Amino acid sequence: YYTCVVPPEMLPFISQQPISINATVGQSVQFTAENIYGMSYKWFHNGGALAINYHPDSGTYSIPYVKRSHSGSYEVRITNWWGETISSGANLYVA
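Presented here is a report on the structure given in the accompanying data block. Keep in mind it's a predicted model, so treat the numbers as computed, not measured.

Turning next to the environment of Ser62. The residue Ser62 is located in strand 7 (residues 60–63) in this model. Accessibility expressed as a relative area gives 25% for Ser62, which makes it partly exposed. Put simply, Ser62 and Ser28 are 34 residues apart on the chain and 7.5 Å apart in space, counted from C-alpha to C-alpha. Reaching out from Ser62, the side chain makes a polar contact with the side chain of Gln30 at a distance of 3.4 Å.

On strand 3 (residues 29–32), burial follows the alternation: Val29 and Phe31 on one face are buried, whereas Gln30 and Thr32 on the facing-out side are not. Looking at chain direction, strand 3 and strand 7 are connected through four bridges and run antiparallel. Within the sheet, the bridge partner assigned to Val29 lies in strand 7 and is Ile63.

Another aspect to go through is the packing of aromatic side chains. Going through the model one piece at a time under the given rule, you end up with five aromatic pairs. For the pair Trp81 and Trp82, a centre-to-centre distance of 5.9 Å together with 80° between the ring planes defines the contact as edge-to-face. Through a chain of ring-to-ring contacts, three or more aromatic side chains come together here, namely Phe31, Trp43, Tyr61 and Tyr74.

Attention shifts here to the pattern of salt bridges. If you walk through the whole model with that rule in mind, you get one salt bridge. The shortest N-O distance in the salt bridge between Arg77 and Glu84 comes to 3.9 Å. Arg77 sits in the partly exposed class, given a relative accessible area of 26%.

Moving on: the environment of Asn22. Counting through the fold element by element, Asn22 comes out in strand 2 (residues 21–23). Separated by 69 residues in sequence, Asn22 and Asn91 place their C-alpha atoms 8.3 Å apart. Aside from chain neighbours lying at most four places away, what touches Asn22 is Gln27 and Tyr93.

Definitions and cut-offs
- Residues numbered from 1 in each chain as written.
- Predicted model: local features only at pLDDT ≥ 70, side-chain atom pairs only at ≥ 80, totals over all residues.
- Heavy atoms only, no water.
- Helix = DSSP H or I, 4+ residues; strand = E, 2+ residues; numbered from the N terminus.
- Buried < 20%, exposed > 50% of the residue type's maximum accessible area, 1.4 Å probe, protein only.
- Polar contact = N/O pair within 3.5 Å; in protein donor to acceptor, adjacent residues only side chain to side chain.
- Pairing = 2+ DSSP bridges.
- Phe/Tyr/Trp six-rings, centres within 6.5 Å; stacked < 30°, edge-to-face > 60°.
- Salt bridge = Lys/Arg side-chain N within 4 Å of Asp/Glu carboxyl O.
- Contact = heavy atoms within 4.5 Å.

Structure below.
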């Protein structure tokens, strides 16, 4: 059988981590992560996968109307054919 070794430079790499945001109820917010070699994105809130308000081909997650329940940590998992990486957490603080 054959072994394939993927050079580390082909793995997804986050070049810009999402940053924490202070918001008020009703405001719209957007988290963004920029990467190199990523193909799909999945956003998480407090460790749970999010199924809405993001596009799997985009490093952006939007909340059009912030509620207090949106407070917490957000991170994104970026994958390609060779592996995955997870961003550092960015907090949303809602006043």
